[in-house]
Amino acid sequence: KVANNQNLSETELEIENDTFQEHVATSLQSNKHGKTYCFRCSAHTIQLCVYDGLKNITNKEILNKARKVVKKLRTPTIANMLIKSGLKKAVLDCDTRWNSIYNMLQRLCELKAFCRMKAADIPSLELSNNDWNLIESLVLTLAPVKIGSVQLQRADITIGDFYGCWWKIRNGLIKANTELAKSITESMLKRQQILLDNDLFVAAIFLDPRFQPLLTPQMKIKAINHLCKLWTLIQTLKKRSGYSENDIPIDETEKSVLNMSVDPANNDDDDDDDFENFLKESTTVISNQPVNIKSIFQSFDGTQRISYNSDIREYWASKKNEHPELHELAQVTLAIPATQVSVERTFSSLKFILSDLRGNLTPSLLESIIFIIFRVFV
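How each quantity is defined
- Residues numbered from 1 in each chain as written.
- Predicted model: local features only at pLDDT ≥ 70, side-chain atom pairs only at ≥ 80, totals over all residues.
- Heavy atoms only, no water.
- pLDDT = per-residue confidence, 0-100.
- Contact = heavy atoms within 4.5 Å.
- Salt bridge = Lys/Arg side-chain N within 4 Å of Asp/Glu carboxyl O.
- Buried < 20%, exposed > 50% of the residue type's maximum accessible area, 1.4 Å probe, protein only.
- Helix = DSSP H or I, 4+ residues; strand = E, 2+ residues; numbered from the N terminus.
- Core = buried A, V, L, I, M, F, W, Y, C linked by side-chain atoms within 4.5 Å.
- Domains from an automatic or database assignment.
- Axes fitted to C-alpha atoms, helices over the stretch in contact; angles between N-to-C directions.
- Parallel < 35°, antiparallel > 145°, perpendicular 65-115°, else oblique.
- Nonpolar A, V, L, I, M, F, W, Y, C, P; charged D, E, K, R; others polar.

Visitor: Honestly, the confidence of the model for the protein in this entry has me stumped. Any pointers?
Guide: Caution applies to low-pLDDT regions: their predicted coordinates should not be interpreted in detail. Of the residues in the protein, 76% have a pLDDT of 70 or more, and the chain-wide mean is 79. Every residue in residues 1-15 scores below 50 in pLDDT, and together they form 10 contacts with partners more than four places removed in sequence or on other chains. Here residues 282-290 scores under 50 on pLDDT; set against residues more than four positions off or in separate chains, the count is 10 contacts.

Visitor: How should the pattern of salt bridges be read in this particular structure?
Guide: Pairing of side chains with opposite charge becomes possible as their charged atoms draw close. Applying the stated rule across the entire model yields 14 salt bridges. Note that K55 is salt-bridged to D52, the shortest N-O span being 3.4 Å. Given a relative accessible area of 27%, D52 falls into the partly exposed group. For the salt bridge of R191 with D52, the shortest nitrogen-to-oxygen distance reads 3.3 Å. Here R191 is found in helix α9 (residues 179-196), whereas its partner D52 is found in helix α2 (residues 42-53), with 139 residues between them in sequence. Three or more residues are tied together by salt bridges with common partners; here these are R154, D156, D161, D208 and R210.

Visitor: In this structure, what is going on with the environment of L63? I would like to understand it.
Guide: Position of L63 among the secondary structure elements: in helix α3 (residues 57-73). L63 gets classed as buried once you look at its relative accessible area, which sits at 5%. Taking C-alpha positions, L63 is 9.5 Å from L138, a pair spaced 75 residues apart along the chain. Setting aside residues no more than four positions away along its own chain, L63 makes contact with L54, I101, M104, L105 and L138.

Visitor: Looking at this structure, how should I read the nonpolar core?
Guide: The biggest cluster of nonpolar side chains holds 78 residues, and the ones touching the most others in it are L73, L108 and F162. Counting residues domain by domain, this core receives three or more from each of domain 2 (40-196) and domain 3 (198-240 + 290-338). Setting aside residues no more than four positions away along its own chain, F162 makes contact with F39, S42, I46, L152, I157, L195, F201 and A338. Counting residues in each nonpolar core, the second largest holds five residues, with I353, L361, L366 and I369 among its members.

Visitor: Honestly, the packing of helix α10 (residues 199-206) against helix α11 (residues 217-241) in this entry has me stumped. Any pointers?
Guide: Between two packed helices, the angle of one axis relative to the other and the distance separating the axes together describe the packing. Running from amino to carboxyl end, α10 crosses α11 at an angle of 100°, the nearest separation of the two axes being 8 Å. In terms of orientation, α10 and α11 fall into the roughly perpendicular class. Contacts between α10 and α11 pair D199, L200, V202, A203 and F206 from the former with M219, K220, K222, A223, I224, H226 and L227 from the latter. Grouping the constituent residues of the contact of α10 with α11 by class yields eight nonpolar, one polar and three charged.

Right under this line is the structure:
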């Protein structure tokens, strides 16, 4: 929520996630800091597409009917009957939990025979044949999304992994060929355009031989232009830091670059605009480059595709000596987080660490415990 500056009252304006991120990116724009890119969490993006598809009135009605039956199945009396029958407990959906609608409907389908058998004695468990058909259709449609969402919950997901998963979900929805599948696909197409408008996104896909063929010629041009700018920036930072990759380990190189902004040698009082000087240095680096980086990108365009099951990190590790420039840029694009799942997982872990029996943990100790858990065991 953000305050509406055009209204003196305390009315707040709801901004959709997509629009709000663009608002933040625009607010952060500055000549001192370059361009700010916002990349949407891939797992959240897919869930938003599902919610868009479920806005249909028919879907809402059948979901409400299913919830009523599930709530009845979760009452103590009927829950005990399920246990005695060797059946699993009914699952109720939750708005903030991914795939919870699929989990609820899928479990309800497993309990279909039980509901029909008990419907005569418990009328609230009765659903018509048409209702069951609609529920089964929803389960069939949401299955590809469920599978894709689980895959995206890995901690090492790259942008290429996400894009491949995105297309697998789309193909699964096309095979389902239901009204809900068409609605979700339509929402995915709209959000896909937003993703492909992001220079970082298309650059990462361009450097991923598994999914590079999915880019159009115009997208490839955009990716190459962005990678050229990125290469120039990297070379400029190396020059200003005074180090080369052959002199020191990569972690020390990064440290020197990070410390560059506070180096007194870089703060010349005669410079009216430090950023303008930065751009001048960038131009010098381009003219003195021993390699034509753009021609390297053009040669990489149309490179032999590798299996979508291949590990892209292993691929670039094997190409380090053959394509050192591309390998260096790939390390940047591979470092871009495709999801915020790790952050969500950290929040969820707090309930297991900061329990009622450990309420006196100090903030520093709690931070240390979380650090150990997620660096060692995850």
